[in-house]
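Geometric and topological summary
Each chain is listed here by its residues.
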Amino acid sequence: MLRITLRDGEKAIVNGAVIRAVGRTQLAVENQVSILRGREIMRPEEATTPARQLYFAAMLAYIDPANRDDHHDIVVGLVGAVIVALDAPEAKSACIRFAGEIAQGEYYKALATAREVIAFEDAVAAPQAA
């Protein structure tokens, strides 16, 4: 059983349905579901870089199993582009780990790895922004 707590007004996605907590809410999930809490949800307009597009496509594959094959194809196309775009060996390693997690159907775990890739991408872009 998975227990999650949502703050007042916090949103979550459970098997594709968007829910919003009214007051502090605790949920007990007793079966296998695709669930994302608000801080893990990316809106389409936030997918502005290759790594963020990768995260967004993987997120859709996770929460939309009916169309998972379509989302999976997009993920596969994006992961190669992200590997090429990032020079650091650690970033490439994270991309490869992400690809393995996707291949094994571990979409939620892959989202955490994609957040690492986003951090590498942000670190590369930060000096250019200064």
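Preceding this paragraph is the structure being described.
Summarised in this report is the structure supplied together with it. Starting afresh in each chain, residues are numbered from 1 along the sequence in its written order. Confidence filtering applies because this is a predicted model: local features only for residues at pLDDT of at least 70, side-chain atom pairs given and counted only at 80 or more, and all residues used for totals across whole chains, interfaces and linings. Only heavy atoms go into the side-chain values, all of them from the structure, while hydrogens and water stay out.

**Re a positive patch on the surface**
- Excluding any residue in a salt bridge, patches collect residues exceeding 30% relative accessible area, merging like charges within 9 Å and nonpolar Val, Leu, Ile, Met, Phe, Trp and Tyr side chains within 5 Å. Accessibility throughout is a Shrake-Rupley quantity obtained with a 1.4 Å probe, and a residue counts as covered only by protein chains that appear here. For this document, the term salt bridge refers to a Lys or Arg side-chain nitrogen within 4 Å of an Asp or Glu carboxyl oxygen. Note that His is not counted, nor are the chain ends; the positive residues are Lys and Arg, and the negative ones are Asp and Glu. A charge is said to be at NZ when it belongs to Lys, at CZ for Arg, at CG for Asp and at CD for Glu. Together, Arg7, Arg24, Arg39 and Arg115 make up a region of like positive charge exposed at the surface.
- Only DSSP runs of H or I with at least four residues qualify as helices, and only runs of E with at least two residues qualify as strands; both kinds are numbered from the N terminus onward. Here arginine 24 lies in the loop between strand 3 (17-20) and strand 4 (25-29).
- With a 1.4 Å probe rolled over the protein chains alone, any residue whose accessible area is under 20% of its type maximum counts as buried; one over 50% counts as exposed, and the rest are partly exposed. Classification of arginine 24 by relative accessible area gives exposed; the value is 67%.

**Some points on the side chain of glutamate 101**
- Mapped onto the secondary structure, glutamate 101 falls in helix 3 (residues 89-103).
- Buried within the structure, glutamate 101 lacks any salt-bridge partner; its nearest side chain of opposite charge belongs to lysine 109, at an N-O separation of 4.7 Å.
- Only heavy atoms enter the contact rule, under which two residues are in contact if any of them lie within 4.5 Å. Residues contacting glutamate 101, with those up to four places away along its chain left out, are Glu106, Lys109, Ala110 and Thr113.

**Here we look at the layout of surface pockets**
- Roughly 230 Å³ of internal volume is contained in the largest pocket.
- We place a 1 Å grid over just the protein atoms. Points where a 1.4 Å probe fits but has no way out form a cavity, open points with protein on both sides within 12 Å along at least 5 of 7 lines form a pocket, and any residue with an atom within 4 Å of a point lines it. As for the largest pocket, its lining consists of Leu2, Ile4, Val29, Asn31, Gln32, Val33, Ile35, Leu36, Arg37, Glu40, Tyr62 and Tyr108.
- At the level of elements, strand 1 (2-6) and strand 5 (35-37) are the ones that each hand at least two residues to the lining of the largest pocket.
- No other element matches strand 5, which puts three residues into the lining of the largest pocket. Grid points are joined across faces, edges and corners, and a volume is the space filled by probe spheres set on the points.

**Here's the deal with the environment of alanine 119**
- Among the structural elements, alanine 119 can be located in helix 4 (residues 107-129).
- In sequence terms alanine 119 and valine 79 are 40 residues apart; their C-alpha atoms lie 15 Å from each other.

**Some details on the packing of aromatic side chains**
- Note on ring pairs: Phe, Tyr and Trp rings are taken, using the six-membered ring of Trp, and paired if centres are within 6.5 Å. Classes follow the plane angle, with under 30 degrees stacked, over 60 edge-to-face and the rest tilted. Here the structure, examined in full by the defined rule, presents one aromatic pair.
- With centroids separated by 5.7 Å and ring planes inclined at 50°, the aromatic side chains of tyrosine 62 and tyrosine 108 adopt a geometry described as tilted. Within this pair, whereas tyrosine 62 is found in helix 1 (residues 50-63), its partner tyrosine 108 is found in helix 4, the two being separated by 46 residues in sequence.
- Overall, tyrosine 62 belongs to the buried group, its relative accessible area being 10%.

**As for the side chain of serine 34**
- Among the secondary structure elements, serine 34 is positioned in the loop between strand 4 and strand 5.
- Judged by relative accessible area, serine 34 falls into the buried class, the value being 10%.
- Each polar contact in these results corresponds to two N or O atoms within 3.5 Å; when the atoms are within protein, one needs to be able to donate a hydrogen and the other to accept it, and residues that are neighboring in sequence are counted only if both atoms are side-chain atoms. There is a polar contact of 3.0 Å between the side chain of serine 34 and the backbone oxygen of tyrosine 62.
- Apart from residues no more than four positions distant in its own chain, serine 34 is found in contact with Ile13, Val14, Asn15, Tyr62, Ile63 and Arg68.

**What about the pattern of salt bridges?**
- Under the defined criterion, the tally for this structure stands at seven salt bridges.
- Its salt-bridge partner being arginine 37, residue glutamate 10 comes within 3.4 Å of it at the nearest N-O pair. Of this pair, glutamate 10 sits in the loop between strand 1 and strand 2 (11-14) while arginine 37 sits in strand 5, and the two are 27 residues apart along the sequence. Across this residue pair, the class does not change: glutamate 10 and arginine 37 are buried.
- The salt bridge partner of arginine 43 is glutamate 45, with a shortest N-O separation of 2.7 Å.
- In this structure arginine 43 comes out as partly exposed when scored by relative accessible area, which is 46%.
- Since its relative accessible area comes to 52%, glutamate 45 is described here as exposed.
- Bridged by salt links that share partners, the residues Arg43, Glu45 and Glu46 form one connected network.

As far as function goes, none of this settles anything; it's purely spatial.
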